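Structural characterization, general
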Amino acid sequence: VVDSSTVDTSAVSSPEIEDSVATDESEPSENTSQQPYAEILKVVQEHNAVVNGQTGIKFVVDYNVFNRKDKQCSLLAYIYYDDDGSKFINSNASNTSTVGQVCAHIKFIPTLDGVRYTEWSVFIPYDDFAPLTEKTKLRAQIRIYDYENMKFLDDGNTWSYFTWR
């Protein structure tokens, strides 16, 4: 197994973001375009995960990234209400977007032009869901972001559904 990435741990200051290992266990699918692109292959939820003493939900993701060698990217999970698709906003959450949407991310820098990442994870503590007091259907959108081009690399169609109880 070859380590095919570096993790920018200086940019990961929140204890809710867990470092993972990128491996080149199998070849990414062929991408003949020179445009940056990402494919999200698999998302697994781990409920009641404990990271740095906090309990929460972890999204474990396998994905490919193309044409981003030595460029900073992020794996992200954004939380939405499932019923109407609106953003789940909590300004008191430990990890939020600029508009207060609950999310989590981990930054990475591919060291190859085509890399398969396996079992990378983003973590959201249950405390970030504190405003919820009743059973609520939620979904997480899993994305790959390219900082240089300031755009998402994936197609935006990867969702992971769960219910807050």
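Refer to the structure presented above.
Given the structure is predicted, the values throughout are model-derived calculations rather than measurements.

**A closer look at the pairing of strand 2 (residues 37-51)**
In the sheet, strand 2 pairs with strand 3 (residues 54-66) via twelve bridges, with the strands oriented antiparallel. Pairing of Val43 across the sheet is with Val61, part of strand 3. Count of turn residues in the strand 2/strand 3 antiparallel hairpin: two residues, of which Asn52 carries a positive phi of about 50 degrees.

**Structural notes on the sheet that holds strand 3**
Read from one edge to the other, the open sheet built from three strands follows the order 2-3-6, with strand pairing classed as antiparallel. Looking at which strands have only one partner, the edges of the open sheet turn out to be strand 2 and strand 6 (114-125). Averaged over all pairs of adjacent strands, the angle between strand axes in this sheet comes to 15 degrees, irrespective of strand direction.

**A look at the layout of surface pockets**
Roughly 270 Å³ of internal volume is contained in the largest pocket. In terms of lining, the largest pocket is formed by 13 residues, of which the most central are Tyr78, Thr96, Ser97, Thr98 and Cys103. When residues of the lining of the largest pocket are traced back to their parent elements, those giving at least two are strand 4 (73-81) and strand 5 (103-110).

**Regarding the environment of Phe152**
Among the secondary structure elements, Phe152 is positioned in strand 8 (residues 151-152). The sequence separation of Phe152 and Cys73 amounts to 79 residues, and the corresponding C-alpha distance is 9.2 Å.

**Things to note about unusual backbone geometry**
Unlike most non-glycine residues, Asp70 shows phi in positive territory, near 65 degrees. One can find Asp70 in the loop between strand 3 and strand 4. Residue classification places Asp70 among the exposed residues on the basis of a relative accessible area of 53%. Phi angles above zero are rare outside glycine, and Met150 is one such case at about 55 degrees. Among the secondary structure elements, Met150 is positioned in the loop between strand 7 (136-146) and strand 8. The exposure class assigned to Met150 is exposed, which follows from its relative accessible area of 64%.

**Side note on the nonpolar core**
For soluble globular proteins, nonpolar side chains are generally found buried alongside one another. Ranked by internal contacts, the top residues of the largest apolar core, which has 32 residues, are Phe59, Tyr63, Leu75, Ile79, Phe108, Phe129 and Ile144. Counting residues per element, the ones that place at least two in this core are strand 2, strand 3, strand 4, strand 5, strand 6, strand 7 and strand 9 (159-164). If we ignore the near neighbours within four places in the chain, the residues touching Ile79 are Phe59, Lys87, Phe88, Gln101, Val102, Ile124, Phe129, Leu138, Arg139, Ala140 and Phe162. Tyr78, Tyr80, Cys103 and Tyr145 belong to the second-largest nonpolar core, a separate cluster that totals five residues.

About the cut-offs
Residues numbered from 1 in each chain as written. Predicted model: local features only at pLDDT ≥ 70, side-chain atom pairs only at ≥ 80, totals over all residues. Heavy atoms only, no water. Pairing = 2+ DSSP bridges. Helix = DSSP H or I, 4+ residues; strand = E, 2+ residues; numbered from the N terminus. Axes fitted to C-alpha atoms, helices over the stretch in contact; angles between N-to-C directions. 1 Å grid on protein atoms, 1.4 Å probe; cavity = no way out; pocket = protein on both sides within 12 Å on 5 of 7 lines; lining within 4 Å. Points joined across faces, edges and corners; volume = space filled by probe spheres on them. Buried < 20%, exposed > 50% of the residue type's maximum accessible area, 1.4 Å probe, protein only. Core = buried A, V, L, I, M, F, W, Y, C linked by side-chain atoms within 4.5 Å. Contact = heavy atoms within 4.5 Å.

Any functional reading would require information that these geometric values do not contain.
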